[in-house]
Amino acid sequence: MSASRMIAIKDVTKIFHPGTPAQSRALNGVTFDVAPNELLILKGPSGSGKSTLLSLIAALMKPTSGEVVVDGTRVSKLPEEFAALYRRRTIGFVFQKFNLIPTLSAVENVMTPLFPEKIPEAELEAKALGVMEEFSIAHKRNAKTSNLSGGEQQRVAIARALVNDPPILLADEPTANLDAALSRQFLGFIERIKGEGKTIIVATHDPLFFDLSFCDRQIELHDGSIVAEEP
Ligand code: ADP
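Residues numbered from 1 in each chain as written. Predicted model: local features only at pLDDT ≥ 70, side-chain atom pairs only at ≥ 80, totals over all residues. Heavy atoms only, no water.

Trainee: In this structure, what is going on with the site of the ligand? I would like to understand it.
Mentor: Taken together, Phe-16, His-17, Ser-24, Ala-26, Pro-45, Ser-46, Gly-47, Ser-48, Gly-49, Lys-50, Ser-51 and Thr-52 make up the full set of residues near the ligand. At a separation of 3.4 Å, a nitrogen atom of the ligand approaches a polar side-chain atom of His-17. Within the side chain of Lys-50, one N or O atom sits 2.8 Å away from an oxygen atom of the ligand. If the ligand stood free it would expose 560 Å²; the protein chains cover 62% of that surface. (Near = heavy atom within 4 Å. Polar contact = N/O pair within 3.5 Å; in protein donor to acceptor, adjacent residues only side chain to side chain. Areas by Shrake-Rupley, 256 points an atom, 1.4 Å probe, with all protein chains shown as cover.)

Trainee: Just checking my understanding: could you explain the pattern of salt bridges for this structure?
Mentor: Opposite charge on two side chains allows them to pair when their charged atoms are near. Taken as a whole and judged by the stated rule, the model has twelve salt bridges. Linking Lys-50 and Glu-173 is a salt bridge whose minimum nitrogen-to-oxygen distance equals 4.0 Å. Residue Lys-50 is found in helix α1 (residues 50-57), and its partner Glu-173 is found in the loop between β7 (168-172) and α6 (180-195); the two are separated by 123 residues along the sequence. Just as Lys-50 is buried, Glu-173 falls in that class too. Here Lys-194 makes a salt bridge to Asp-216, at a shortest N to O gap of 2.8 Å. With Lys-194 in helix α6 and Asp-216 in the loop between β8 (199-203) and β9 (217-222), the pair connects residues that are 22 residues apart, well separated along the chain. Exposure remark for Lys-194: the relative accessible area of 14% places this residue in the buried category. Classification of Asp-216 by relative accessible area gives partly exposed; the value is 34%. (Salt bridge = Lys/Arg side-chain N within 4 Å of Asp/Glu carboxyl O. Helix = DSSP H or I, 4+ residues; strand = E, 2+ residues; numbered from the N terminus. Buried < 20%, exposed > 50% of the residue type's maximum accessible area, 1.4 Å probe, protein only.)

Trainee: I'm lost on the environment of Lys-10 in this one. Help?
Mentor: Looking at the element boundaries, Lys-10 is found in strand β1 (residues 7-16). The partly exposed category is assigned to Lys-10, whose relative accessible area is 35%. Lys-10 sits 59 residues away from Val-69 along the chain, and the two C-alpha atoms are 8.2 Å apart. If we skip the residues at most four places from it in the chain, Lys-10 touches Arg-5, Val-30, Thr-31, Gly-66, Glu-67 and Val-69. (Contact = heavy atoms within 4.5 Å.)

Trainee: Got a minute to help me understand the sheet that holds strand β3 (residues 39-43) in this structure?
Mentor: Neighbouring strands of a sheet are bound in pairs by backbone hydrogen bonds; such pairs are parallel or else antiparallel. Here six strands make up an open sheet; going across it, the order is β6-β7-β8-β3-β9-β10 and the pairing mixed. Strands at the two margins of the open sheet, each flanked by one partner only, are β6 (91-94) and β10 (225-230). Direction aside, the axes of adjacent strands within the sheet are offset by 20 degrees on average. Taken together, the five bridges between β7 and β8 define a ladder with parallel strand orientation. (Pairing = 2+ DSSP bridges. Axes fitted to C-alpha atoms, helices over the stretch in contact; angles between N-to-C directions.)

Trainee: Please clarify how the sheet that holds strand β5 (residues 73-74) should be interpreted in this entry.
Mentor: The sheet built from four strands is open, its strands ordered β2-β1-β4-β5 with antiparallel pairing. Looking at the sheet topology across the chains shown, the edges are occupied by β2 (24-34) and β5. Bridge count between β1 and β2: seven bridges; the pairing is antiparallel. Within the sheet, the bridge partner assigned to Ile-7 lies in β2 and is Val-34.

Trainee: I would appreciate a short explanation of the side chain of Thr-199 in the present structure.
Mentor: Its location among the elements puts Thr-199 in strand β8. Look at Thr-199 and you get buried, because its relative accessible area is 1%. Setting aside residues no more than four positions away along its own chain, Thr-199 makes contact with Met-6, Val-34, Ala-35, Pro-36, Asn-37, Glu-38, Pro-167, Ile-168 and Leu-169.

Trainee: Which parts of the structure should I look at to understand the pairing of β8?
Mentor: Each regular strand shows side chains that alternate between the opposite faces of the sheet. Within β8, five of the five residues are buried, which leaves the element mostly enclosed by the surrounding structure. Of the two faces of β8, the one carrying Thr-199, Ile-201 and Ala-203 and the one carrying Ile-200 and Val-202 are both buried. Sheet analysis places β3 next to β8, joined by four bridges and oriented parallel. Pairing of Leu-39 across the sheet is with Ile-200, part of β8. Taken together, β7, α6 and β8 constitute a β-α-β crossover, and its handedness is right-handed. (Right-handed = clockwise from strand over helix to strand, strands pointing away.)

Printed below as a string of structure tokens:
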């Protein structure tokens with residue numbers, strides 16, 4: 001793949017439950033590219049297809065038609081055993097509700113993406129703590145995540161997303177459960193992660209993201225189609 005394209009979305013359509021009364025067309029012939037180290041904001045109202053698009057890029061589901069190519073791999077055609085490896089190596093995902101495992105400690109949550117790698121546990125833990133330090137949350141290493149504040153859970157979630165050093169970070173409504181101060185702090189994290197060379201897509205309808213000096217592009221979806229793109 002040319003150096004100017006980290007992600008290529010080619011005429012992607014996603015229909016859930018096709019041919020049944022529950023049929024739902026989530027994406028409708030969507031095409032765009034994302035360059036390496038680009039920060040792309042994906043906006044649009046609830047139900048416009050943002051989460052579906054992120055899930056397709058993460059190979060969590062397959063498109064009904066069209067292609068998703070990431071860093072030279074046609075992920076829309078990957079069998080599941082390869083998709084899991086692809087996700088682990090290539091994608092960090094931050095979810096709206098953080099999706100931490102409440103019964104595990106903070107450091108164990110950050111370590112989970114590393115478990116399939118054949119590395120001694122002490123090394124895994126050191127690696128996890130290193131990333132937690134970057135996000136000033138290492139002091140909470142032994143706390144159960146159910147006992148952490150929203151802002152602390154957010155830092156653990158970001159550390160978990162980045163512990164494998166993936167080239168791509170996807171975030172789905174990452175500030176929906178955060179107050180204004182924590183949302184601004186999240187923007188600071190995004191700016192720093194972009195500075196480290198990552199390619200980042202944030203799906204959001206939070207206006208805080210719409211006027212960022214370090215954002216490269218915004219794409220707006222409505223009913224599964226791109227209705228605006230700037231610049
Ligand atoms: P957004 O992230 O912009 O809120 P989504 O991608 O979640 O939008 O949803 C796009 C459309 O696809 C919506 O109409 C939604 O109801 C539908 N949809 C999403 N996931 C599923 C699913 N697993 N089964 C059926 N319909 C779904």
